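# Chains, contacts and geometry: an overview
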Amino acid sequence: KGANRVARPSLAHSIEGPRKSFSTNRRAQRALGIVAHIDAGKTTTTERMLLLSGTTRFAGEVDAGDTVMDYLQQERERGITIQAAATTFVWKDHDISLIDTPGHVDFTIEVERAVRVLDSAVLIVDAVAGAQAQTETVWRQARRHGLPALAFVNKLDREGADLAAASASLAARLRVTPLVVQMPIMKVGAPPTAIVDLVEERVMWWEAEAVEGRSRPQRGAARTFRVSPLSRDAETASAAESVDASAPQVDAARVRLLRDELIERVVELEEEESELSELYLNEMQVPASVLRASIRRLTLSGAAVPTLCGTSLHGIGVEPLMDAMLDYLPSPEEAAKPTLRDDSAHTQSAAADAGAADEQGRAGETAGLPMESAAEAVALAFKVVHEPSSRRPLVWLRAYHGEIRAGDVLHNSVNGSSERVSRLLRMRGEAVVDVEAVRAGEICAAMGLKHTRTGDTVLLSPSGENAALRLEGVPVPPPVFFCAVETQTSAEQKALDAALAGIMLEDPSVAVRVDRFTGQQLIGGMGELHLEVLAQRLLTEWNLKISMGAMRVAYREGITLPVDLSSFHEVRTAAGGQIEMSLALSPLDGRAQLVQQRLTVQQQRGSAPPVNLERRVDAERRVVVRLSKGLQGFLKHREARAVLDGLSAATQFGDLAGFPVHGAEVVLKYLRKPPGASAEELGAAAAEALEQALKQAGS
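Residues numbered from 1 in each chain as written. Predicted model: local features only at pLDDT ≥ 70, side-chain atom pairs only at ≥ 80, totals over all residues. Heavy atoms only, no water.

A few words on the overall build of the protein. Of regular secondary structure, the protein possesses 18 helices and 34 strands. Expressed as a percentage of its 699 residues, the buried residues of the protein come to 55%. Across the protein, the fraction of contacts at a sequence separation of at least 24, relative to all contacts at a separation of at least 6, is 71%. Of the roughly 30200 Å² of accessible surface on the protein, a fraction of 49% belongs to carbon and sulfur atoms. (Helix = DSSP H or I, 4+ residues; strand = E, 2+ residues; numbered from the N terminus. Buried < 20%, exposed > 50% of the residue type's maximum accessible area, 1.4 Å probe, protein only. Contact = heavy atoms within 4.5 Å. Areas by Shrake-Rupley, 256 points an atom, 1.4 Å probe, with all protein chains shown as cover.)

A word on the pairing of strand 10 (residues 202–207). Where burial is concerned, most of strand 10 is hidden: five out of the six residues are buried. In this sheet, strand 10 lies alongside strand 9 (residues 194–197) in antiparallel orientation, the contact comprising three bridges. Each bridged residue has a counterpart across the sheet, and for Asp-197 the counterpart in strand 10 is Arg-202. The hairpin turn running from strand 9 into strand 10, its antiparallel successor, is four residues long, and Glu-201 in that turn takes a positive phi close to 55°. (Pairing = 2+ DSSP bridges.)

Its identity is not glycine, yet Asp-93 carries a phi of approximately 65°, on the positive side. Position of Asp-93 relative to the elements: it lies in the loop between strand 3 (85–91) and strand 4 (94–100). For Asp-93, a relative accessible area of 69% gives the class exposed. In this structure, Ser-461 is a non-glycine residue whose phi angle is positive, near 55°. Relative to the helices and strands, Ser-461 is located in the loop between strand 23 (457–460) and strand 24 (469–470). Note on Ser-461: relative accessible area 43%, which makes it partly exposed.

Moving on to the environment of Ala-554. Relative to the helices and strands, Ala-554 resides in the loop between strand 29 (552–553) and strand 30 (563–570). With 71 residues separating them in the primary sequence, Ala-554 and Cys-483 have C-alpha atoms 9.5 Å apart. Apart from the residues within four sequence positions on either side, Ala-554 is in contact with Pro-479, Val-480, Phe-481 and Phe-482.

So, on to the pairing of strand 31 (residues 578–587). Where strand 30 and strand 31 come together, eight bridges link them in antiparallel fashion. Considered in strand 31, the bridge of Glu-570 is made with Gln-578. Of the pairings in the sheet, the one linking strand 31 to strand 34 (residues 664–672) comprises eight bridges and is antiparallel in character. Following the sheet pairing, Glu-580 is matched in strand 34 by Arg-672.

To continue, consider the pattern of salt bridges. A complete count under the given rule lists 27 salt bridges for this structure. Across the pair Glu-403 and Arg-405 runs a salt bridge, and its minimum N-O distance is 3.1 Å. Residue classification places Glu-403 among the partly exposed positions, given a relative accessible area of 28%. One salt-bridge network, held together by shared partners, links Glu-403, Arg-405, Glu-436 and Arg-439. (Salt bridge = Lys/Arg side-chain N within 4 Å of Asp/Glu carboxyl O.)

In structure tokens form, the structure reads like this:
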């Protein structure tokens with residue numbers, strides 16, 4: 001045992017406390033994310049949840065810069081979320097793993113990798129603006145992974161807030177069916193005085209506790225949450241009035257009307273007969289438990305989105321939202337279970353001929369293997385960060401099957417490495433808590449996995465034939481902007497390269513390349529803000545002051561015409577002679593969608609795919625370069641590799657403005673080489689020939 005011990009690293013943000021694990025009851029767990037347009041109130045809502053769960057003593061505020069979830073210096077200075085932050089808390093005997101995601105489009109990779117590993121989502125919507133541009137984007141990301149969701153219409157205290165209009169915008173812009181399950185009791189320009197729960201038929205209100213003789217609530221403090229059932233006495237005019245005389249006044253007729261409309265809408269959406277439809281058709285009273293069960297079924301199937309309301313800044317409406325997370329969102333046991341696949345088949349499929357792809361459909365897609373049959377435990381690495389003081393990598397894992405304990409050796413099915421987990425940590429924003437083990441459905445950070453990257457699958461004790469199986473990875477969007485970067489002195493270049501390598505490990509949407517014409521080093525990202533934040537990180541975290549050039553849009557060049565080209569290239573060695581070759585360049589048609597679908601995990605994060613001596617595929621740019629069948633056996637391995645390298649390199653620079661070529665297929669049909677011609681000369685000749693073809697193709 002002593003030989004296997006790992007020295008404890010100094011985590012300045014560690015929280016020392018009892019080592020413990022979450023509940024083993026998977027039905028008492030939730031793994032969810034908060035998603036929204038920027039400034040809709042995601043972090044504020046999360047801070048209130050932490051306060052109400054007893055995790056924190058007060059709710060941090062974004063404007064004050066004291067939130068648990070936005071802990072980076074730039075996040076607090078700018079007042080926005082830049083990196084996804086994870087936390088865990090307990091609410092009503094349920095263990096909640098929650099990820100607070102950024103709302104700015106420049107940090108979309110943070111949303112993408114969060115929704116990839118979550119079971120459900122809470123969509124925050126501004127009560128005045130309704131669904132906005134980035135609301136649509138994050139919703140598409142969540143729906144692409146099939147996540148059931150709740151909607152929370154926030155900021156009802158703002159002038160112009162309108163729950164009905166915000167709900168209608170969800171239907172219009174997101175094409176979802178919102179089920180409004182609450183009715184706010186409003187005063188213009190003020191927080192709601194109360195909220196009526198239409199499912200439970202109760203009125204809820206929040207009272208500020210007196211602090212030092214004042215009636216106004218202390219900043220960040222919790223309010224007293226009070227609930228009173230509504231009377232069902234049909235003989236009185238106020239049949240829905242509160243049983244508690246101290247409760248706010250409720251419009252009884254409107255409550256009845258809205259609840260009846262909710263029941264009718266749920267019955268319409270249900271595809272099969274249910275207890276609710278039977279009660280509704282017989283005009284009988286519908287108990288809350290029956291209505292709740294029907295709404296839950298619709299939510300899990302994606303047919304509807306329960307919609308709640310409140311104002312998180314004032315602590316109003318958050319408790320019912322947390323209850324709804326338990327009532328309507330799935331546990332890991334109920335969520336869709338991913339299967340393991342062999343991505344070596346995916347690589348072959350991605351490189352398949354366009355004609356063959358038509359016949360095969362989604363060629364190479366193999367039936368998934370249940371995780372229980374492949375290994376003792378399965379997890380997906382979806383994020384990598386560096387511990388601030390030591391720069392050791394912390395790998396965020398979502399466990400899908402089995403149990404992983406500190407000290408276990410995990411096999412990486414993507415790169416084939418095996419590494420020992422030195423520590424397992426539960427995240428609470430910047431702070432972490434040591435845990436002995438993580439089980440299926442939980443999210444944690446692991447130390448000791450130095451060779452694990454975003455999108456990698458790790459397995460515990462896989463059987464030999466299953467060691468290459470992996471989960472679906474994390475798709476990475478291509479850069480949108482580039483700019484040149486230079487250090488103050490040439491001596492700092494090596495430090496800059498190391499810093500950029502560390503940043504790309506954390507953020508796969510960052511790209512680095514060298515400009516073909518100027519020789520300048522370029523960094524690419526999702527937008528101007530993304531690159532500004534990156535430059536600031538280089539200064540504050542790596543002490544590197546860099547100069548940044550003008551922002552350039554990462555354009556792509558396409559070709560307009562197919563070209564068949566024959567060319568001759570002089571051999572510049574003593575052997576002399578000419579290399580003769582013939583190639584075909586053509587636009588890649590709609591069948592190239594297959595290429596993008598079969599993008600391998602290695603390509604997703606920018607590392608080299610397995611070597612193929614017949615073809616190369618750049619699924620991001622939808623470019624295929626390949627050898628004709630006649631040449632596949634004619635060239636030696638080294639020569640084939642050099643020719644494909646030359647063709648691939650030439651597609652990086654179009655003839656029009658030097659931007660990468662997009663949507664093209666290159667086939668080398670014929671090649672005649674003189675005796676003594678080297679592989680390098682064949683590659684150079686192939687690149688020259690394709691450059692000539694690109695000029696003729698009108699790129």
